[in-house]
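# Observations on the model geometry
Now for the letters of each chain:
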Amino acid sequence: MKMKTYLVEDNPTIRENLISTLEELAPIEAVGTADTEEEGTAWLTGNDAQWDLAIVDMFLKSGSGLGVLEACRTRGTLQKLVVFSNYTSREMRLRCIQLGVDAVFDKSTEIDALLDYCVAQSENLDAAASKGGQGYQGYSRLQRT
């Protein structure tokens, strides 16, 4: 199953290349993008049943990825929130974990790990969907703890 993926990234070249790469090599479908904290936060929190995966950069055109992460702390149990950034110091990784992020990937060195993560999460969604009932279809009503 293709994961409905929303990307919060301010660099248009990186954004387009990442979408192209992920759609070609991983089971994802881009459902939208934002280049600011405000836009990303508004879409992700206002469309909770429309995304399975959000990929967030730390440095944005306006605001910060940290604000997006904070806004998405309460989300469906199957929705995944990951950071894909050049700023992945130990301290930043710890802060992301505190904000409930599922994974952190360095843009410079971990694109393959991001691809692997997307494949694994898509398989998890497939398994939940095959269970039927509340598995996949009702996930947006379930909240993380």
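My aim in this report is to walk through the structure given alongside it, one point at a time. (Residues numbered from 1 in each chain as written. Predicted model: local features only at pLDDT ≥ 70, side-chain atom pairs only at ≥ 80, totals over all residues. Heavy atoms only, no water.)

### Examining the packing of aromatic side chains
So the rule is basically this: Pairing of aromatic rings covers Phe, Tyr and the six-membered ring of Trp, with a centre-to-centre limit of 6.5 Å; geometry is then stacked below 30 degrees between planes, edge-to-face above 60, and tilted otherwise. Every helix listed is a DSSP run of H or I at least four residues long, and every strand listed is a run of E at least two residues long, numbered separately from the N terminus. Think of it in three bands: with a 1.4 Å probe and only protein chains considered, a residue is buried below 20% of the maximum accessible area for its type, exposed above 50%, and partly exposed in between.
On inspection of all chains with the given rule, the structure shows three aromatic pairs. With 4.3 Å between their ring centres and 0 degrees between their planes, Tyr6 and Trp43 make a pair best called stacked. Here Trp43 lies in helix H2 (residues 37-46) and Tyr6 lies in strand S1 (residues 3-8), a separation of 37 residues in the sequence. The exposure class assigned to Tyr6 is buried, which follows from its relative accessible area of 2%.

### Concerning the sheet that holds strand S3 (residues 53-56)
Note the cut-off: Note: two strands are recorded as paired if DSSP finds a minimum of 2 bridges between them. Note on method: axes are straight lines fitted to C-alpha atoms, helices fitted across the in-contact stretch only, with angles between N-to-C directions ranging 0 to 180 degrees. When checking whether two residues touch, look at their non-hydrogen atoms; a contact exists if any pair is within 4.5 Å.
Taken in spatial order, the five strands of this open sheet run S2-S1-S3-S4-S5, and their pairing is parallel. With partners counted over all chains shown, the strands left at the sheet margins are strand S2 (28-34) and strand S5 (103-106), one partner each. Each strand axis lies, on average, 25 degrees off the axis of its neighbour in the sheet, ignoring direction. Strands in contact with H2 are S1, S2 and S3; relative to S1, the strand with the most contacts, it is inclined by about 155 degrees.

Purely spatial values, then, with no claim about function.
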